[in-house]
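Each chain, written out:
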Amino acid sequence: IAPVLQQLLTSAHFFDGQVRGARIKSPVELVAGMVNETARPLNADQLRFLKNIISFMEQNLLNPPNVAGWPGYRTWISTTSLPIRYLVTDFLLFGNNDNEIADLVGLARSLPEAADPYAAFRLPEALARYLVPVPPEQLDIGSVTEPFGGDLVSNPIPDDILNGPPHVLNLAKVFLAGIPWYEWDIDNAQAPVLLVLFARYLTQMPEFHLT
């Protein structure tokens, strides 16, 4: 069996772009994935809360409805479950109040783009690639009409970015939320809040709920 499984699991088909992001995350995958991706430490009460939420979304751990397991796929998304999914991701990002926000600075620092001179443009795309299973260039971001803040005459946006893929500029606009691109600093006191707000934007994308 081992050689068969090795051949299957190392097959190029498992990494084919056509099959990535093609399945809806189960409640367990959603919660466990977010906890892992954000490296969020949780106490016993928070873990119990998440377990109850998972059960409320109709995936009772270790207790499938029958031997076939949960139907899954589109049954995980409904007018009832989608707002709850947003509640879960908000809870993992903001905690019980704004004083318990997730510390995503470590995650941002682990991405090579964090040290880029133009990290204000590179980092948002890198975070989108890390958190969302669909490549950023395929996301339905739309055009963000709000202009970049600051003095763009003295601090122009580099031509390769300005004339590059539209999603890079649009993600940067969302990420910066009006702050001049040249003032972005991962060591700034505002950085943790900007990172969490941007993560919230990404987790509320339909594509985030795919795996």
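Keep in mind that this is a model prediction, so the values were computed, not measured. (Residues numbered from 1 in each chain as written. Predicted model: local features only at pLDDT ≥ 70, side-chain atom pairs only at ≥ 80, totals over all residues. Heavy atoms only, no water.)

### Concerning the packing of helix α6 (residues 119-131) against helix α9 (residues 191-203)
In step 1: One can describe the packing of α6 onto α9 by two numbers: an axis separation of 11 Å at closest approach and a directional angle of 50°. Taken together, the axes of α6 and α9 are oblique relative to one another. The handedness of the crossing between α6 and α9 comes out as right-handed. Where α6 approaches α9, its residues L123, P124, L127, A128 and L131 are matched on the opposing element by L195, F198, A199 and L202. (Axes fitted to C-alpha atoms, helices over the stretch in contact; angles between N-to-C directions. Helix = DSSP H or I, 4+ residues; strand = E, 2+ residues; numbered from the N terminus. Parallel < 35°, antiparallel > 145°, perpendicular 65-115°, else oblique. Left-handed = near helix turned anticlockwise from the far one by under 90°. Contact = heavy atoms within 4.5 Å.)

### Concerning the pattern of salt bridges
In step 1: Within this structure, the stated rule accounts for 8 salt bridges.
In step 2: Its salt-bridge partner being R122, residue D160 comes within 3.3 Å of it at the nearest N-O pair. With D160 in helix α7 (residues 159-162) and R122 in helix α6, the pair connects residues that are 38 residues apart, well separated along the chain.
In step 3: Since its relative accessible area comes to 52%, D160 is described here as exposed.
In step 4: When its relative accessible area of 28% is taken as the criterion, R122 is described as partly exposed.
In step 5: Of the charged contacts, one joins E125 and R129 as a salt bridge, the two residues approaching to 3.2 Å between their closest N and O atoms. In this pair, E125 and R129 are both assigned in helix α6, 4 residues apart and thus about one turn of the helix distant.
In step 6: Beyond isolated ion pairs, a larger network of salt bridges with shared partners links D116, R122 and D160. (Salt bridge = Lys/Arg side-chain N within 4 Å of Asp/Glu carboxyl O. Buried < 20%, exposed > 50% of the residue type's maximum accessible area, 1.4 Å probe, protein only.)

### Comments concerning the packing of aromatic side chains
Two numbers describe a pair of aromatic rings. These are the distance of the centres and the angle of the planes.
In step 1: Enumeration according to the criterion identifies 8 aromatic pairs in this entry.
In step 2: When the centroid spacing of 4.7 Å and the interplanar angle of 50° are considered together, the rings of F49 and F91 count as tilted. Linking F49 in helix α3 (residues 44-56) with F91 in helix α4 (residues 81-94), this pair joins segments that are 42 residues apart in sequence.
In step 3: The exposure class assigned to F91 is buried, which follows from its relative accessible area of 9%.
In step 4: Where F121 meets W181, the ring centres are 5.3 Å apart and the plane angle is 45°; that geometry is what we call tilted. Taken together, the residues F121 in helix α6 and W181 in the loop between α8 (166-176) and α9 connect sequence positions 60 residues apart.
In step 5: Looking at W181, the relative accessible area reads 11%, which means it is buried.
In step 6: Here the aromatic residues Y118, F121, F148, W181 and Y182 are joined through ring pairs into a cluster of three or more.
In step 7: Over the ring of F208 we find K25; its NZ or CZ atom is 3.8 Å from the centre of that ring. (Phe/Tyr/Trp six-rings, centres within 6.5 Å; stacked < 30°, edge-to-face > 60°. Lys NZ or Arg CZ within 6 Å of the ring centre and 35° of its normal.)

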